[in-house]
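Below are the chains, spelled out letter by letter.
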Amino acid sequence: MQIPPSNIFNYKKTKEEFISFFLKNKIIIIPCIFVLLFVSLYFFIDFSNQSLVAHDEGLYARRARLIENTNNWFSPPFPYPHHKTLGSYWLIALSIRLFGNSELTLRLPSILSSFFCLISSYLIALKITNKKSALISLFSLSSMPLWIQYSRYASPDLPFVLCILLVILFFLKSLNSSEYINQYIYIMLSGVFISISFFIRSYMVFVPLIGLAPFIFYHLFRRENIFTIFFCTGILIGFIPTCLNLYFSFKKFGMIGITALFDFARKQAVGDVYFSNLILVPINFIYLTFPIGILLIILLVFTRSNSKIKYPLLTYCFPLLSLIILLCMSTSYPHYYIFLLPFLSMIFANYITSYSFRYSFSRTTIRYLLFIIILFVSSILLFSIINYKDLVLKYTYGNVLIFYSLTSVLLLSYFTSIRFLLDLKFLSYNLINFFYSIIIPQYITLSLLFNFGLLGNPNYKTKLFLRDDLVSSIVNSNTIYLYSVDSKTQTLLSYYLPSFRVVDDLKGIVKYKYLITSSSSFLENLEVKKFFATVKKFDNHYLLKNISK
């Protein structure tokens, strides 16, 4: 069948017009395509393979749902004084109200906060360095394993980081704005987000604020008093939700409703500083920020930056002071360090875009160090996949093909990146190309591993148990009583079960219709055997039915 000449003409004309349009607007179209692909990696999710991580995700989910159900957005709905301000749960509770109960709903505030954090950190990097460094810092931040994990985690960590970044961004905007009215608005907004960050993360906000203090005070003291007044006004305005929360907490529980906040912070911060912290933190830093952390350490040791960076009190002093405080705390978890990651990526981007070697052997040393590191990481990954096939089969939940495909892509990217280190023909190497060849496949691979539940899904069996037809019909129409259930499973069941009660006493237990327990001694009790029969078992837990009724 021949195509009519008119159709051929129209096809050629359309093709030419499309190509012409693309070439004219490629500066806009290509970034838009990239953004769409970037966003899709957050939402291309297999919902059947998602479960909450206990304890934190389960606790935040349960408390947020309680706030949403009771409509107590300022007054604590808990039966006892709470150790956090309610802002920790607000965004998750609002997401539940708008979109219902699901893992995506609970994680949506972190997902959206992650986007805005990346935009804010890019804008901050533009003011500190240049466009090229800002773009590399954006890629660096988005590819860090710790950042990818908490961008899909139901917690207030990413909203808190966003508030800190907005404090800095608006403060910088007030310094750079040419119009006085804009300067006043920006400096006030900076103060507002200081207070909001306290409402979201309580006393944890003091760590970054102490780190920021030299930068903020230095610039406030150099300006007229009116800027300090507007800054303090913003802080007072932002404290309104916190004041309401503390007022209702005091009204309900008395003074302990307020002191509970301080007591929790004191326990986390004050105490023995263990030497193990000084060892574990650097190790966590290296693998949770790979490859950025190790690359930055190598660059700091063997090179010096040639590009001038603005606001050194912000770029260097802020993360250094914050890091010292975190290292001195008696309790320190990896997610406490997330607010430092944007500035880690900025420092790294500044070094990798323009540097000179400190020593005559720096060039060769960097080349072979990176070569050894990449081979070491690739070997460990390959060895683990080959020698732990049983664990792979157990934890991939039927997605073995996806797991092996994605890990193959990651391994291939590591191996192919070596060509940028060993360009023997020209006796040179390109660290920026080496960097891109690793972090882009790593971002895609780790994102998809989280999306398909191959990472960040340790309680899949609990979710699978609840999805069972028989079990779901029981739990959706009955109150389930929990007796001697381990704390992590109890946290998850407290969220997933529509109606539940925790019982601690065997007295009167025969009156309960359905019971979940993980106590083997309870099951061996003769009285229990007489009244209860096992409906379903998962791991070490049992769903029991009262057969006497």
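Residues numbered from 1 in each chain as written. Predicted model: local features only at pLDDT ≥ 70, side-chain atom pairs only at ≥ 80, totals over all residues. Heavy atoms only, no water.

J.: In this structure, what is going on with the environment of Tyr495? I would like to understand it.
T.: Position of Tyr495 among the secondary structure elements: in helix 24 (residues 487–496). For the pair Tyr495 and Tyr368, spaced 127 residues apart in sequence, the C-alpha to C-alpha distance is 51 Å. (Helix = DSSP H or I, 4+ residues; strand = E, 2+ residues; numbered from the N terminus.)

J.: Teacher, can you tell me more about the environment of Ser88 here?
T.: Of note, Ser88 is situated in helix 4 (residues 87–99). On the basis of relative accessible area, Ser88 is assigned to the buried category, the value being 5%. Along the backbone, Ser88 and Ala64 are 24 residues apart, and their C-alpha atoms lie at a distance of 8.5 Å. Leave out the neighbours within four places in its chain, and Ser88 touches Tyr60, Pro156, Phe199 and Ile200. (Buried < 20%, exposed > 50% of the residue type's maximum accessible area, 1.4 Å probe, protein only. Contact = heavy atoms within 4.5 Å.)

J.: Can you walk me through the sheet that holds strand 4 (residues 500–503) in this structure?
T.: By way of backbone hydrogen bonds, the strands of a sheet pair with one another, either parallel or antiparallel. Taken together, the five strands give an open sheet; going across it, the order is 4-3-5-7-6, and neighbouring strands pair in mixed fashion. With partners counted over all chains shown, the strands left at the sheet margins are strand 4 and strand 6 (532–538), one partner each. Each adjacent strand pair in this sheet contributes to an overall mean axis angle of 25°, direction not counted. Pairing analysis gives four bridges linking strand 3 (residues 480–483) to strand 4, with the strands arranged parallel. Looking across to strand 4, one finds that Tyr481 is bridged to Arg501. Contacting strand 5 (514–517), strand 6 and strand 7 (541–546), helix 22 (residues 460–467) crosses the sheet at an angle of about 130° to strand 6. (Pairing = 2+ DSSP bridges. Axes fitted to C-alpha atoms, helices over the stretch in contact; angles between N-to-C directions.)

J.: Help me understand helix 10 (residues 206–221) in this model?
T.: In an α-helix, one turn spans 3.6 residues, which is why side chains three or four residues apart end up on the same side. For helix 10, spanning 16 residues, the distance from its first C-alpha to its last is 21 Å, which sits close to the expected 22 Å at 1.5 Å a residue. Within helix 10, the axis deviates most sharply at Leu212, by approximately 45°, and proline Pro214 lies no more than four positions further along. Turning to helix 10, its buried residues are Val207, Pro208, Leu209, Gly211, Leu212, Phe215, Ile216, His219 and Leu220. Its buried side turned inward, helix 10 meets helix 8 (157–176), helix 9 (180–201), helix 11 (225–238) and helix 16 (312–328). (Expected span 1.5 Å × (residues − 1). Bend = angle between axes of the 7 residues up to and from the residue.)

J.: Sorry if this is basic, but what is going on with the pairing of strand 6 here?
T.: Along any regular strand, the residues point their side chains to alternate faces of the sheet. The pairing of strand 6 with strand 7 spans six bridges and is antiparallel. Looking at strand 7, one finds that Ala533 is bridged to Lys545. Taken together, strand 6 and the strand that follows it, strand 7, pair antiparallel across an intervening segment of two residues, in which Asp539 is found at a positive phi of about 50°.

J.: What am I meant to see in the confidence of the model for the protein here?
T.: Averaged over every residue, the pLDDT of the protein is 87; residues scoring 70 or more account for 93%. Taken element by element, the protein is modelled with least confidence in helix 1 (residues 5–24), mean pLDDT 65, and with most confidence in helix 8, mean pLDDT 96. (pLDDT = per-residue confidence, 0-100.)

J.: Sorry, what's going on with unusual backbone geometry here?
T.: Residues Phe290 and Pro291 are joined by a peptide bond in cis, for which omega reads 0°. With a phi close to 65°, Asn71 is a non-glycine residue in the positive phi region. Here Ser202, not a glycine, exhibits a phi torsion of approximately 55°, which is positive. Residue position: Ser202 is located in the loop between helix 9 and helix 10.

J.: Would you explain helix 5 (residues 103–128) in this entry?
T.: Given a rise of 1.5 Å per residue, 26 residues ought to cover 38 Å, and the 37 Å separating the end C-alpha atoms of helix 5 matches this to within 8%. At Pro109, helix 5 shows its strongest bend, of approximately 35°.

J.: Where do I start with the pattern of salt bridges in this structure?
T.: Any two side chains of opposite charge can pair if their charged atoms end up close together. Under the counting rule described, the total for this entry stands at five salt bridges. In this structure, Glu57 and Arg107 form a salt bridge, with 2.9 Å as the shortest nitrogen-oxygen distance. You can see Glu57 sitting in helix 3 (residues 56–70) and its partner Arg107 sitting in helix 5, a full 50 residues away along the chain. Neither residue differs from the other here; Glu57 and Arg107 are each classed as buried. (Salt bridge = Lys/Arg side-chain N within 4 Å of Asp/Glu carboxyl O.)

J.: How do you make sense of the packing of aromatic side chains when you look at a structure like this?
T.: All chains considered together, the criterion is met by 37 aromatic pairs. Ring centres of Phe74 and Trp90 lie 5.3 Å apart, and the angle between their planes is 70°; on these two criteria the pair is classed as edge-to-face. Here Trp90 lies in helix 4 and Phe74 lies in the loop between helix 3 and helix 4, a separation of 16 residues in the sequence. Classification of Trp90 by relative accessible area gives partly exposed; the value is 25%. With 6.3 Å between their ring centres and 70° between their planes, Phe78 and Tyr89 make a pair best called edge-to-face. Placement of Phe78 in the loop between helix 3 and helix 4 and of Tyr89 in helix 4 is noted, with a sequence separation of 11 residues between them. By relative accessible area, Phe78 is classed as buried at 3%. Ring pairs connect the aromatic residues Phe198, Tyr203, Phe206, Phe239 and Phe262, which therefore count as one cluster. Above the ring of Phe227, the side-chain terminus of Arg223 is found at 3.9 Å from the ring centroid. (Phe/Tyr/Trp six-rings, centres within 6.5 Å; stacked < 30°, edge-to-face > 60°. Lys NZ or Arg CZ within 6 Å of the ring centre and 35° of its normal.)

J.: Any chance you could explain a nonpolar patch on the surface here in plain terms?
T.: Residues Phe43, Leu112, Phe116, Ile119, Leu123 and Leu126 make up a contiguous nonpolar surface patch of roughly 490 Å² in combined accessible area. The topology assignment puts Leu123 in helix 5. Taking relative accessible area as the criterion, Leu123 reaches 32% and is therefore assigned partly exposed. (Patch = residues over 30% accessible without salt bridge, like charges linked within 9 Å, V, L, I, M, F, W, Y side chains within 5 Å. Areas by Shrake-Rupley, 256 points an atom, 1.4 Å probe, with all protein chains shown as cover.)

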